[in-house]
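# Chain and residue survey
Letter by letter, the chains look like this.
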Amino acid sequence: MVEKKTFGQKCIKALFVIILVILALSCLLPLLYNLAVSLSSKSAADAGLVKFWPVDFTFHAYQEIMGEKSFFVSFFVAVKRVFWALVTSLPVLILAAYPLAKSKQEFAPRNIILWIFVFCMLFSGGTIPWYMVMKSYGLMNSAFGLAICGGFPIFNLILMVNFFQGIPKELEEAAMVDGAGPWYILFRIIVPLSKPVIATIALFTIVAHWNEFFQGLVLSTGEEFYPLQTYIKQMVFQPNTAQMTAEQLKQASMTSNTTLSAAKIFISTIPVLCIYPFLQKYFVTGITLGGVKE
């Protein structure tokens, strides 16, 4: 027999729906606003006339950003940076998290190593020593250098350690009884069961490296080596009018920093918006199980 919902239960459910709709709009409306501003004219954007619909519809902001070859070069530098970041960080995090997820009896130096990692997360050597190390290793003007220059996020490591600790020990014990070794257990049992936390960390890595711009500015000596965010920020805040053609100067006269900034924000979100739907189903599980330790 199906239990009928009372009037109070229906009201509570309706209230939850309203709250969720408001939260969804709070996330969606800023994106729509940026899109509207980026498609509006310079005068309308500077006057604050744009709300959630373009005023004097124009593509001038996007034409100024995308009208040069250097934009596409920086786009592919950013793609290569994200690729190398995933290829280098995920295997290292998995190999580091697996022994650290063991108890102190199974892996004696576990606590010492974890404290070293936490110390390195809280304190750094500073920008100048970091720059000197990157330069001495020949990692300037390199997408690979940009991928590894920030090291490996300790937060992601802790997230993965906690997730590994939540996997039942009986699975490993059963595999060891059948003659499986540590490498077989890790890559044939632990990793397949850890898709949620791996997908979550991959999403964190993609977003962090895609949106980062300062490291690209410091470790690059020319625009041809800039990742996308560095290129756009340089073009928006320090446009080189001396090297612009007559057509580019005309485009710049019809475009304001407001419309350029809005176009920059919208372009920056497109790759993440395309990737997130494929990782979303793992995201909540990875955060919930990896972020809480019993």
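Preceding this section is the structure that the text describes.
Conventions we followed
- Residues numbered from 1 in each chain as written.
- Predicted model: local features only at pLDDT ≥ 70, side-chain atom pairs only at ≥ 80, totals over all residues.
- Heavy atoms only, no water.
- Helix = DSSP H or I, 4+ residues; strand = E, 2+ residues; numbered from the N terminus.
- Buried < 20%, exposed > 50% of the residue type's maximum accessible area, 1.4 Å probe, protein only.
- Contact = heavy atoms within 4.5 Å.
- Areas by Shrake-Rupley, 256 points an atom, 1.4 Å probe, with all protein chains shown as cover.
- Salt bridge = Lys/Arg side-chain N within 4 Å of Asp/Glu carboxyl O.
- Axes fitted to C-alpha atoms, helices over the stretch in contact; angles between N-to-C directions.
- Parallel < 35°, antiparallel > 145°, perpendicular 65-115°, else oblique.
- Nonpolar A, V, L, I, M, F, W, Y, C, P; charged D, E, K, R; others polar.

## Thoughts on the overall build of the protein chain
Check the secondary structure of the protein chain and you find 15 helices and 0 strands. Burial analysis of the protein chain (294 residues in total) assigns 38% to the buried set. Residue pairs in contact within the protein chain that sit at least 24 positions apart in sequence constitute 73% of those at least 6 positions apart. For the protein chain, the exposed area adds up to about 17,800 Å²; of that, 71% sits on carbon and sulfur atoms.

## Some remarks on the pattern of salt bridges
For the coordinates displayed, the defined rule picks out 2 salt bridges. E212 is paired through a salt bridge with R81; the nearest N and O atoms lie 3.0 Å apart. Residue E212 is found in the loop between α11 (195-211) and α12 (214-218), and its partner R81 is found in helix α4 (residues 69-100); the two are separated by 131 residues along the sequence. Each of the two residues, E212 as well as R81, counts as buried. Among the salt bridges present, the one from K102 reaches E172, with a minimum N-O distance of 2.5 Å. Here K102 is found in the loop between α4 and α5 (110-122), whereas its partner E172 is found in helix α9 (residues 169-177), with 70 residues between them in sequence. Considered together, K102 and E172 belong to a single accessibility category, that of buried residues.

## Let's talk about the packing of helix α8 (residues 154-165) against α11
Packing of α8 against α11 brings their axes to within 10 Å, and their N-to-C directions diverge by 170°. Taken together, α8 and α11 sit at an angle that is classed as roughly antiparallel. Counting all contacts with α8, which are made through F155, N156, L159, M160 and F163, the residues of α11 involved are P196, V197, I198, T200, I201, F204 and T205. Tallied by class, the residues present in the contact of α8 with α11 amount to 9 nonpolar, 3 polar and no charged.

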